[in-house]
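# Fold and contact review
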Amino acid sequence: MAMQWEGKSFIDNLPKIYGIYTGGFLVFFALMAVCEQFGMSAQTIGIMFVLFTLVIYAVIGVLSRTTAVEAYYVAGRSVPPVFNGMATAADWMSGASFVAMAGGIFMSGHPYMAFIVGWTGGYILVATLMAPYLRKFGCYTVPDFIGTRYGGKLTRFVAIVVLVVASFTYVTAQITATGTIAARAFLIPFEIGVWLGLFGILVCSMLGGMRAVTWTQVAQYIVLIIAYLVPIFWMSMKQGLGFLPHIEYGAAVQRIMELEPLLGVGTAAVDSVEGLKALTTLHATPPEGALAAWKFVTLTACMMIGTASLPHILMRYFTTPSVRDARTSVAWSLFFIFLLYFSAPALATLSKLQMIDPNLMTSIIGDSIDKVNSLAWIRNWGEVGLLAIRDSNADGILQINEFFLNPDIIVLATPEIAGLPYVISGLVAAGGMAAAMSTADGLLLAMANALSHDLYYKIIDPKAETRKRLMTARVLLLVIGAGGAAVASLKLTGILGAVAWAFCFAMSGLFVPLVLGVWWKRANRQGALAGMVVGLGVGWWYLLAVRNPEAWYGLAKPWVGLDDLRFGIVGTIASAIAMIVVTLLTPEPDEATQRMVDEVRIPSGDTIIPSKA
Amino acid sequence: MAQLSPADRAEHWRRTRNLMFVHLAIWFVFAYLVHWFAVPLNNINFFGWPLGYYFSAQGSLIVFVVQLFLFARQQHAIDVKFGVEENNNKG
């Protein structure tokens, strides 16, 4: 094999390798654009995009296979900060961010912006409280830190339980997203799309573990960010907002705010269509009152604290060469994430203005319904039931509350609405696929690694040989992946609900023990156990209670507006109280543990858990 | 590697902790405070933007990104001052 996926020369060549890859992808894009001009069908272009990118990820996954423990679990701790930043960004930005975020802003207005703020601000907590210290610790997994810092097999076991609960909730949502996109691109039933998506995900991670996932995630980041930004730039050029709409679109926001009272945004729809919504929320005007503000900041808090507790994110910072690199890498991660998240509101704003501004060619509100119904994109999306028009007042004119859509189509349909060539839609499908696959890979690996390293090796069979451990890890990856796909094909919850729950589970069980493990020397095993058990237990109870107000354990109404997307607040507070009280009631940890905490706090010196080649 | 004296160790940790608190204070302002007051802030025009909306769409995000690069630098400076940065002991 000519290519070595480690070592100095490989690391030095990374910018060149990914530069060539990016160039290759752009050439492929240009080729598809040319083929479209020569009459290649939209369907074929979609399939080509998804297939081409899948093959590349698979090739990277196979080339970076490994049999070394350090490479399998932490990519040999050799990933440079900028590249780890890209990998984390792909790991982080899920199918939900890519597909649903702009649509959510489009439909739900300012309250939805809490996700944007929450999913970026959480990295401040990761950098200041966690990542550098966990890197210094030298652990392979998050339960590895909990288990070693606090000691005891039970502690480690409970941490594994929290990790699996949070990650499994999350991964089903991602497999659902890959299934949806695969189903649409290849025109196959959703259930088959799910298994096809899972196959793609596993090819990336099975053979090379963290090392393979790292290098495919970098590749996936490049695809997803190109796929997100190109349509926005293109559309902005067409609308005459200049090349970088991000600076200019304030004017578009104001224009929407002017138009809203004229169009009557806010009047409830008369008809209702199953699964679709009419636009009734103001775009940039936050709802009045303290409860609305409270709901905004509590959702932000859940997403931020959840970010800092999600194991598949934290473990990405175990792969940097040094503690200092871990810190820089968090900054780069946020930068790469920022590129997408500060574009999402721009996309939502521009596509909304296109639909509602009577001065623009593309506008549909206020047009005759016959004319609107004859538009190709209205027909296409209407046929698959993601969009509907009802002439409620029978005046033959489309009003804002007569237009129903599924928010998820905003990102996917915008290129068509703006009249961009189909090649852009193919690109967007490939981007959505990359976003969902990269997150699913990170999550599956986090679970399989915790189960193989912490449960199998550290608790069940500490004498297991390397070969057997890695074999277990791979088998677990298959089993968990299959389980996730099976649950995903049942379609239990919406993508966004599942994602928010995952954050709340993670923060309820893990945030307090992780933070206090570094920042409070006195924190001990009994306290950590209490914190995890009470946090997860109370959080879980509260989730069930607010969702089942009729049941005996139910709550008639949520406490101060804390609904099922925000149950992490309740869980985390319970976890903090339990951990602090129990710690103070029990003896302080022994001197060795306290010395260990001292060592974690300085970057120099050996890792706490000695590294093995 | 020269052993760090207990006093230096305590001082290093004190500065690290203070830096953490400073950054979390800035974070608190841009993560929560400005959004709590989004309604009144929206009346302010910021280069063509309603300010409350601007913070949630771009302002807070930009602050977070800049803050993290700054944090990485500042923490490294503290580590160097006390001789506990990593390159120090790889000799």
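Bear in mind that the values here come from a model prediction, so they are computed numbers and not experimental data.

### Quick notes on the overall build of chain B
Across its full length, chain B holds three helices and two strands. Taken from the N to the C terminus, the helices and strands of chain B come in the order α-α-β-β-α. Its C-alpha atoms give chain B a radius of gyration of 19 Å, clearly above 12 Å, the size a compact globule of 91 residues would have. By its C-alpha atoms, chain B is 60 × 25 × 15 Å across when sized along the principal axes. The buried share of chain B, taken over its 91 residues, is 49%. Look at the contacts in chain B between residues 6 or more apart in sequence, and 62% of them connect residues 24 or more apart. By element, 65% of the accessible surface of chain B is carried by carbon and sulfur atoms, the whole surface being about 4,600 Å². Between the mean site of the 7 positive side-chain charges and the mean site of the 5 negative ones, chain B shows a separation of 4 Å.

### Observations regarding the interface of chain A and chain B
Counting from both sides, the interface comprises 60 residues of chain A and, opposite them, 44 residues of chain B. Between chain A and chain B lies a buried interface of about 4,500 Å² when both sides are counted; carbon and sulfur atoms form 72% of it. For chain A, the biggest contributors to the area lost against chain B are Ile124(A), Arg327(A) and Trp519(A); these three give 13% of the whole. At the boundary of chain A and chain B, one finds two salt bridges. Of the charged contacts, one joins Arg9(B) and Glu599(A) as a salt bridge, the two residues approaching to 3.1 Å between their closest N and O atoms. Where chain A meets chain B, there are ten residue pairs in polar contact (both at pLDDT 80 or more). Those elements that provide at least two residues to the side of chain A that touches chain B are helix H6 (113–137), helix H11 (245–248), helix H12 (250–263), helix H13 (290–307), helix H15 (323–341), helix H16 (344–356), helix H22 (495–519) and helix H25 (591–600) of chain A. With twelve residues, H6(A) is the single largest residue contributor to the side of chain A that touches chain B. A per-class count over the side of chain A that touches chain B returns 39 nonpolar, 15 polar and six charged.

### Structural notes on the side chain of Asn84(A)
Residues and elements named next belong to chain A. Residue position: Asn 84 is located in helix H4 (residues 81–92). A distance of 2.9 Å separates a polar atom in the side chain of Asn 84 from a polar atom in the side chain of Arg 316. Excluding residues that lie within four positions of it along the chain, Asn 84 makes contacts with Val 79, Arg 316, Tyr 317, Thr 319, Thr 320, Ser 329 and Ser 333.

### Focus on H4(A)
All names here are of chain A. End to end, H4 covers 16 Å across twelve residues, agreeing with the expected 16 Å (1.5 Å per residue, within 8%). Across the twelve residues that make up H4, a large majority, eleven, are buried. Every buried residue of H4 is listed here: Pro 81, Phe 83, Asn 84, Gly 85, Met 86, Ala 87, Thr 88, Ala 89, Ala 90, Asp 91 and Trp 92.

### Examining the packing of aromatic side chains
Inspection of the entire model under this criterion finds 40 aromatic pairs over all chains. Pairing Phe338(A) with Phe342(A) gives two aromatic rings, centres 4.4 Å apart and planes at 20°, and the pair type is stacked. Centre to centre, the rings of Trp49(B) and Tyr54(B) are 5.1 Å apart; their planes meet at 70°, and the pair counts as edge-to-face. Residue Trp49(B) is classed as buried on the basis of its relative accessible area, which comes to 3%. A relative accessible area of 13% means that Tyr54(B) is categorised as buried. Within the aromatic cluster, the residues linked to one another by ring pairs are Trp92(A), Tyr112(A), Phe115(A), Trp119(A), Tyr123(A), Tyr170(A), Tyr341(A) and Phe503(A). The residue whose ring lies beneath Lys352(A) is Phe106(A), and the NZ or CZ to ring-centre distance is 5.3 Å. Seen from the ring of Tyr457(A), Arg469(A) lies directly overhead, with NZ or CZ sitting 3.6 Å from the centre.

### Concerning the nonpolar core
Of all hydrophobic cores here, the largest spans 249 residues; its most connected members are Phe49(A), Trp92(A), Phe98(A), Tyr123(A), Tyr341(A) and Phe403(A). Among the elements that line this core, the one with the most residues is helix H20 (residues 422–460) of chain A, at 20 residues. Each of domain 1 (14–255 + 287–349 + 421–600) and domain 2 (256–286 + 350–417) of chain A gives at least three residues to this core. If we ignore the near neighbours within four places in the chain, the residues touching Tyr341(A) are Trp92(A), Met93(A), Ser97(A), Met101(A), Ile116(A), Trp119(A), Thr120(A) and Leu61(B). Judged by nonpolar contacts, the second largest core, of five residues, contains Val273(A), Leu276(A), Ala388(A) and Phe404(A).

### Remarks on unusual backbone geometry
All names here are of chain A. Within the chain, Ala 75 stands out as a residue other than glycine whose phi angle is a positive 50°. Along the chain, Ala 75 falls in the loop between helix H3 (69–74) and H4. The exposure class of Ala 75 is buried, given its relative accessible area of 5%. Positive phi is not limited to glycine here, since Arg 77 has a value of about 45°. By secondary structure assignment, the location of Arg 77 is in the loop between H3 and H4.

### Here we look at the sheet that holds strand S3 (residues 403–405) of chain A
Judged by pairing direction, the sheet is antiparallel, and its three strands sit side by side in the order S1-S3-S2 (chain A) without closing on themselves. Strands with a single pairing partner mark the edges of an open sheet, and in this sheet they are strand S1 (277–278) and strand S2 (387–389) of chain A.

Conventions we followed
- Residues numbered from 1 in each chain as written.
- Chains lettered and ligands numbered in written order.
- Predicted model: local features only at pLDDT ≥ 70, side-chain atom pairs only at ≥ 80, totals over all residues.
- Heavy atoms only, no water.
- Helix = DSSP H or I, 4+ residues; strand = E, 2+ residues; numbered from the N terminus.
- Rg over C-alpha atoms; globule rule 2.2 N^0.38 Å.
- Buried < 20%, exposed > 50% of the residue type's maximum accessible area, 1.4 Å probe, protein only.
- Contact = heavy atoms within 4.5 Å.
- Areas by Shrake-Rupley, 256 points an atom, 1.4 Å probe, with all protein chains shown as cover.
- Lys, Arg positive; Asp, Glu negative; His and termini not counted.
- Charge placed at Lys NZ, Arg CZ, Asp CG, Glu CD.
- Buried area = accessible area lost by both parts, 1.4 Å probe.
- Salt bridge = Lys/Arg side-chain N within 4 Å of Asp/Glu carboxyl O.
- Polar contact = N/O pair within 3.5 Å; in protein donor to acceptor, adjacent residues only side chain to side chain.
- Nonpolar A, V, L, I, M, F, W, Y, C, P; charged D, E, K, R; others polar.
- Expected span 1.5 Å × (residues − 1).
- Phe/Tyr/Trp six-rings, centres within 6.5 Å; stacked < 30°, edge-to-face > 60°.
- Lys NZ or Arg CZ within 6 Å of the ring centre and 35° of its normal.
- Core = buried A, V, L, I, M, F, W, Y, C linked by side-chain atoms within 4.5 Å.
- Domains from an automatic or database assignment.
- Pairing = 2+ DSSP bridges.

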